[in-house]
Amino acid sequence: FLDDPYPHFERLRAVEPVHRSPLGMWLLTGHEPIVLACRDPRLGRDLTMWDAYPALRPFGAGSALEETAERFMLNLDGEQHARLRRLALSAFKPRALAQLHALVERVVDELLDAWSGGDVIGAIASPLPVRVIAEILGLRSTPDGLAQLAEVSRALSVVVEPVASKRRLAAGDAALGEL
């Protein structure tokens, strides 16, 4: 499953689009059930309130990485969510989006100019978000700096995985500590 989850998701979508996992969590595999669940005020986002949360994060409990993930805007309810959403809203105003559009377009042009054909994922799709994030954060865009940012991003992405190994969580926690 971890190597290639997509065939499993496809089967679930066809047979049981709303599935209760052995861990007691609900897994929604279709667009419509997901939209309905996201809009239902009875369902919360606070990870710490989930009955299955301790089973999902046995290795990350108490780590800086886990505590950070628990405070992500998407994992909060009520006023905490609303406060962070108000802070983030300015990034999505038309002027900010126009600046971001210009930045993304410039980076894509640079990547396309450097591309000699072949691996589109490795040459364009993978470096694009790293380059854009580096520019937004004002980080130096040296090859070593971009490689380090990509590695830290990969390590930190473990917080959005429903099931992660102790090794991956430890690497993500260590990466957060280095920031």
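What you are looking at is a predicted structure, and each value in this text was computed from that prediction instead of being measured.

Caption draft 1: Structural view of the overall build of the protein chain. In terms of regular secondary structure, the protein chain is built from ten helices and two strands. When its C-alpha atoms are laid out on the principal axes, the protein chain stretches across 50 × 40 × 35 Å. When the 179 residues of the protein chain are sorted by exposure, 22% land in the buried category. By sequence separation, contacts in the protein chain at least 24 residues apart represent 38% of the contacts at least 6 residues apart. Of the roughly 12,800 Å² of accessible surface on the protein chain, a fraction of 62% belongs to carbon and sulfur atoms. Side-chain charges in the protein chain split into 20 positive and 24 negative, and the spacing between the mean points of these groups amounts to 5 Å.

Caption draft 2: Broad picture of the packing of helix α8 (residues 127-137) against helix α9 (residues 143-156). With their axes 10 Å apart at the nearest point, α8 and α9 run at an angle of 105° to one another. Taken together, α8 and α9 sit at an angle that is classed as roughly perpendicular. Residue-level contacts link V130, R131, I133 and A134 of α8 to L146, L149 and A150 of α9. Here the contact of α8 with α9 is built from residues that sort into six nonpolar, no polar and one charged.

Caption draft 3: Structural detail: the environment of W50. With respect to the helices, strands and loops of the structure, W50 is situated in the loop between α2 (31-39) and α3 (53-56). Taking the C-alpha atoms as reference, W50 lies 8.8 Å from M25; in sequence the two are 25 residues apart.

Caption draft 4: Local environment of the packing of aromatic side chains. Under the definition given, this model contains one aromatic pair. Taken together, a centroid distance of 6.5 Å and an interplanar angle of 75° make the contact between Y6 and F9 edge-to-face. Of this pair, Y6 and F9 are both found in helix α1 (residues 6-15), three residues apart, which corresponds to roughly one turn of the helix. Y6 sits in the exposed class, given a relative accessible area of 59%.

Caption draft 5: Up close: α9. Taking 1.5 Å as the rise per residue, α9 with 14 residues should run 20 Å; its terminal C-alpha atoms sit 20 Å apart, in good agreement. For α9, the full list of buried residues reads L146, L149, A150, V152 and A155.

Caption draft 6: A look at the side chain of D46. Along the chain, D46 falls in the loop between α2 and α3. Despite being buried, D46 has no salt bridge partner; R45 is the closest side chain of opposite charge, sitting 11 Å away. When neighbours within four sequence positions are excluded, D46 is seen to be in contact with N75 and D77.

Caption draft 7: Main features of the packing of helix α6 (residues 94-114) against α8. At a minimum axis separation of 10 Å, α6 and α8 run at an interaxial angle of 130°. Between α6 and α8, the crossing angle belongs to the class labelled oblique. Seen from above, α6 lies across α8 with right-handed handedness. Facing L100, L103, V104, R106, V107, V108, E110 and L111 of α6, the residues of α8 in contact are P127, L128, R131, V132, E135 and I136.

Caption draft 8: Molecular detail of the environment of V108. Following the sequence through the fold, V108 ends up in helix α6. With 78 residues separating them in the primary sequence, V108 and G30 have C-alpha atoms 32 Å apart.

Caption draft 9: Main features of the side chain of H81. Within the secondary structure, H81 is located in helix α5 (residues 78-89). Judged by its relative accessible area of 16%, H81 falls in the buried class. Those residues in contact with H81, other than ones at most four positions away along the chain, are M73 and L76.

About the thresholds
- Residues numbered from 1 in each chain as written.
- Predicted model: local features only at pLDDT ≥ 70, side-chain atom pairs only at ≥ 80, totals over all residues.
- Heavy atoms only, no water.
- Helix = DSSP H or I, 4+ residues; strand = E, 2+ residues; numbered from the N terminus.
- Buried < 20%, exposed > 50% of the residue type's maximum accessible area, 1.4 Å probe, protein only.
- Contact = heavy atoms within 4.5 Å.
- Areas by Shrake-Rupley, 256 points an atom, 1.4 Å probe, with all protein chains shown as cover.
- Lys, Arg positive; Asp, Glu negative; His and termini not counted.
- Charge placed at Lys NZ, Arg CZ, Asp CG, Glu CD.
- Axes fitted to C-alpha atoms, helices over the stretch in contact; angles between N-to-C directions.
- Parallel < 35°, antiparallel > 145°, perpendicular 65-115°, else oblique.
- Nonpolar A, V, L, I, M, F, W, Y, C, P; charged D, E, K, R; others polar.
- Phe/Tyr/Trp six-rings, centres within 6.5 Å; stacked < 30°, edge-to-face > 60°.
- Expected span 1.5 Å × (residues − 1).
- Salt bridge = Lys/Arg side-chain N within 4 Å of Asp/Glu carboxyl O.
- Left-handed = near helix turned anticlockwise from the far one by under 90°.

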